[in-house]
Amino acid sequence: MSNRNKRKKKQREERAFLEVEREREQTLRLRKPTTKQRMLYFFVGLIMNILPTYLFFSIYEMDLIKSLPLFAFVTIICSIILSMGYHNVSFFLKHRLIKKSGVNFQIKRTKKKATGGEREERQKKQLESTITTQAVSLSLLYNSLFYLAIVLIFAFYITWIFQAPTNYILSLAVASSIVTYISSTKIQ
Amino acid sequence: MKILFVILLLLASLVFTEVEQGNLIVEKDILVTTLPHTEEEFTILYTLYNVGNGPVYDVRLQDSDNFPKDKYSTELSQIDTNWDQIEAESNATHAVILKRHSVGSDFLGPATVLFKNTPNGQDLTSTSTYIGRLNFTPKSPGESRKSPNWEHWIIFSVVAALVLVIPFLLFKKSEKKKKRLAMNLRKKK
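What counts and what doesn't
Per chain, the residues get numbers from 1 upward, laid out in the order the sequence is written. As a convention, the first chain written is A and the first ligand written is 1, with the rest following in written order. In keeping with the model being predicted, local features are shown solely for residues with a pLDDT of at least 70 and side-chain atom pairs are shown and tallied solely at 80 or more, while totals for entire chains, interfaces and linings include all residues. Only heavy atoms go into the side-chain values, all of them from the structure, while hydrogens and water stay out. UniProt positions are given in the numbering used here, feature names are shortened, and annotations may be inferred rather than shown by experiment. Counting from the N terminus, the helices are the DSSP runs of H or I reaching at least four residues and the strands are the DSSP runs of E reaching at least two. Only protein chains enter the calculation, and the probe is 1.4 Å; a residue is then buried if its accessible area is under 20% of its type maximum, exposed if over 50%, and partly exposed in between. Between two residues, a contact is recorded if the distance between any of their heavy atoms is within 4.5 Å. Every accessible area reported is derived by Shrake-Rupley at a probe size of 1.4 Å, with residue values counting cover from the shown protein chains alone. By convention in these notes, a salt bridge is any Lys or Arg side-chain nitrogen within 4 Å of a carboxyl oxygen on Asp or Glu. Once two parts are brought into contact, the accessible area they lose, counted with a 1.4 Å probe and summed over both, makes up the buried area. For the purposes of these results, a polar contact is taken to be a pair of N or O atoms within 3.5 Å, where, inside protein, one atom must be able to donate a hydrogen and its partner to accept one; residues adjacent in sequence count only when each atom of the pair is a side-chain atom. Amino acids outside the nonpolar list (Ala, Val, Leu, Ile, Met, Phe, Trp, Tyr, Cys, Pro) and the charged list (Asp, Glu, Lys, Arg) are all regarded as polar, and Gly is one of them. For every residue, the predictor reports its confidence as pLDDT, a number between 0 and 100. Planes of paired rings set the category: under 30 degrees apart is stacked, over 60 is edge-to-face and the rest tilted, where pairs are Phe, Tyr or Trp rings (Trp by its six-membered ring) whose centres lie within 6.5 Å. At least two DSSP bridges between two strands are required for those strands to pair. Angles run from 0 to 180 degrees between N-to-C directions of axes, and those axes are lines fitted to C-alpha atoms, restricted for helices to the stretch in contact. Every angle not falling under 35 degrees, over 145, or within 65 to 115 is termed oblique; those three ranges are roughly parallel, roughly antiparallel and roughly perpendicular. Crossing handedness follows the turn of the near helix against the far one: under a right angle anticlockwise gives a left-handed crossing, and clockwise gives a right-handed one.

The name an unreviewed UniProt entry gives chain B is Translocon-associated protein, with Anaeramoeba flamelloides as the organism.

Under the annotation held in an unreviewed UniProt entry, chain A carries the name Translocon-associated protein subunit gamma and is attributed to Anaeramoeba flamelloides. UniProt, in its Subcellular location (unreviewed entry) section for chain A, records the words "Endoplasmic reticulum membrane". UniProt annotates chain A under Sequence similarities (unreviewed entry) with the comment "Belongs to the TRAP-gamma family."

This is the structure in structure tokens:
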């Protein structure tokens, strides 16, 4: 093979390697949630944990003041676990929706700015943010429904034989763990 | 003969003259639909009926012996109470809310009511009906979950629906926008 062909082949391999690296970096960047996203997931997780806490306080008649430390601790821990589950599902859904849209989101770095290129980039960014909103809202809806269903099944049909505080800890912890575990398997 | 007749008349007037005096019948009842458990409130209702033809004075109801303080606590009112006067053919009621703190079995006997027929007269006693033996057991965890609790479920459902509807509406709104933007970008290609 001539030297020129060898050089061309090497350049092509380097370009392909750089493409793969760029895609991997983008994937890793998207995998970490932004601060806003983290706060949103935690807030929604907190509401999702306060709802079953209300049921235990009203139906199982747990004393609110005596059980307040337990309620606060379990709610916060389960909200953190649940927020991880929300992000896993929204990350998975975002990639799927991007592929489905059929639009190439990679920013082309050219020396000359093509006419109408800026407008196209703006539209791509808008589309990306819309897809992000869609993925986040779908993740919140799907995970919240799933979480509530598991908590109610555990609290009233499986762990009801235990005393109310034990029932509370078991049902919330198990439900948040199941939801987060299943959401992490989707990414893999 | 005439003197005998007058004496007989006087005796008869003494016998048949109405003396106004009261007479109390006391009912003691427990107002529950199911047997109470420990740490659960229950109400005891005392009803005093004056079935006599005169008022009764200085009426005192005493029933603390049936509810010792080491086992029972009262909510809002005391067990023993008194009335200055209960008119003839009228009644008075007294309700007590109690709570038992320990598991056990108690015989809830009759209450004692002391009263007088005249303001400065002698004390007379009346006893109420009794409730009988009650077994106080702790509430089992399954009991509260089986009862309807409609109002709690309604509140839970409303708040859960609100929290779930908002992301759904956001999803629908962004779906339309996404379709429009994706179509515009595909056209330019």
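On we go from here.
Let's talk about the overall build of chain A
From N to C terminus, chain A includes five helices and zero strands. Mapped from its N terminus to its C terminus, chain A presents α and β elements in the order α-α-α-α-α. Buried positions account for 39% of the 188 residues belonging to chain A. Sequence separation of at least 24 residues holds for 83% of the intrachain contacts in chain A that already meet a minimum separation of 6. For chain A, the accessible surface area stands at approximately 12100 Å², while carbon and sulfur atoms represent 62% of it.

Describing the overall build of chain B
On a plain count of helices and strands, chain B comes out with three helices and ten strands. Secondary structure elements in chain B, listed N-terminal to C-terminal, are α-β-β-β-β-β-β-β-β-β-β-α-α. Within chain B, the proportion of its 189 residues that are buried is 34%. Taking all contacts inside chain B whose residues are at least 6 apart in sequence as the whole, residues at least 24 apart take part in 70%. As presented, chain B carries roughly 12400 Å² of accessible surface, and 59% of it is formed by carbon and sulfur atoms.

Quick word on the pattern of salt bridges
Here the structure, examined in full by the defined rule, presents eight salt bridges over all chains. A:Glu128 serves as the salt-bridge partner of A:Lys94, at 3.8 Å between the closest nitrogen and oxygen. One end of the pair, A:Lys94, is in helix α3 (residues 68-101); the other, A:Glu128, is in helix α4 (residues 117-158), and 34 residues separate them in sequence. A salt bridge links B:Lys28 to B:Asp63; the shortest N-O distance between them is 2.8 Å. With a gap of 35 residues between them, B:Lys28 in strand β1 (residues 24-31) and B:Asp63 in the loop between β3 (56-62) and β4 (72-75) connect regions that are remote in the sequence. Judged by its relative accessible area of 2%, B:Asp63 is buried. Members of the salt-bridge network, linked through shared partners, are B:Asp58, B:Arg60, B:Lys116 and B:Asp123.

Some thoughts on the interface of chain B and chain A
Across the contact, 29 residues belong to chain B and 39 residues belong to chain A. Buried area between chain B and chain A, summed over both chains or domains, comes out near 3100 Å², and the portion from carbon and sulfur atoms is 71%. Where chain B packs against chain A, one counts zero salt bridges. Our count for the contact surface shared by chain B and chain A stands at two residue pairs in polar contact (both at pLDDT 80 or more). Breaking the side of chain B that touches chain A down by element, the ones donating at least two residues are α2 (141-146) and α3 (150-188) of chain B. A breakdown of the residues in the side of chain B that touches chain A according to their chemical character gives 15 nonpolar, six polar and eight charged.

Describing the confidence of the model for chain B
Averaged over chain B, the pLDDT score is 84; the fraction of residues at 70 or greater is 89%. The complex model carries a pTM of 0.59, and its ipTM stands at 0.75.

Quick word on the UniProt feature "transmembrane region" (unreviewed entry) in chain A
Residues and elements named next belong to chain A. According to UniProt, the feature "transmembrane region" (unreviewed entry) maps to residues 39-59, 71-93 and 140-162 in the numbering used here. Helix makes up 95% of residues 39-59 and strand 0%. Its end C-alpha atoms lie 30 Å apart. As annotated, residues 140-162 comprises 83% helix and 0% strand, and the C-alpha atoms at either end are separated by 30 Å.

Focus: the packing of aromatic side chains
Evaluation of the coordinates by the stated rule reveals 14 aromatic pairs over all chains. Three or more aromatic residues link up through ring pairs in this structure, and these residues are A:Phe56, A:Tyr60, A:Phe71, A:Phe156, A:Tyr168, B:Trp153 and B:Phe156.

Points about the sheet that holds strand β5 (residues 81-86) of chain B
In a beta sheet, neighbouring strands are held together by backbone hydrogen bonds and run either parallel or antiparallel to one another. Residue and element names in this part refer to chain B. Taken in spatial order, the four strands line up as β5-β3-β8-β9 in an open sheet, and their pairing is antiparallel. Strands with a single pairing partner mark the edges of an open sheet, and in this sheet they are β5 and β9 (124-127). Neighbour to neighbour, the strand axes of the sheet diverge by 25° on average, direction disregarded. Note that β3 and β5 share five bridges and pair antiparallel. Across the sheet, Tyr57 pairs through a bridge with Gln85, a residue of β5.

Digging into the side chain of A:Gln37
In this fold, A:Gln37 is placed in helix α2 (residues 35-58). Other than its neighbours up to four places away in sequence, A:Gln37 contacts A:His87, A:Thr132 and A:Val136.

Observations regarding the packing of α2(A) against α3(A)
All names here are of chain A. Here α2 crosses α3 at 130°, and the two axes come no closer than 7 Å. Taken together, the axis directions place α2 and α3 in an arrangement best described as oblique. In terms of crossing hand, the pair formed by α2 and α3 is right-handed. Of the residues in α3, those touching α2 at Gln37, Tyr41, Phe42, Val44, Gly45, Leu46, Met48, Asn49, Ile50 and Thr53 are Phe71, Thr75, Ile76, Cys78, Ser79, Ile80, Leu82, Ser83, Tyr86, His87 and Ser90.

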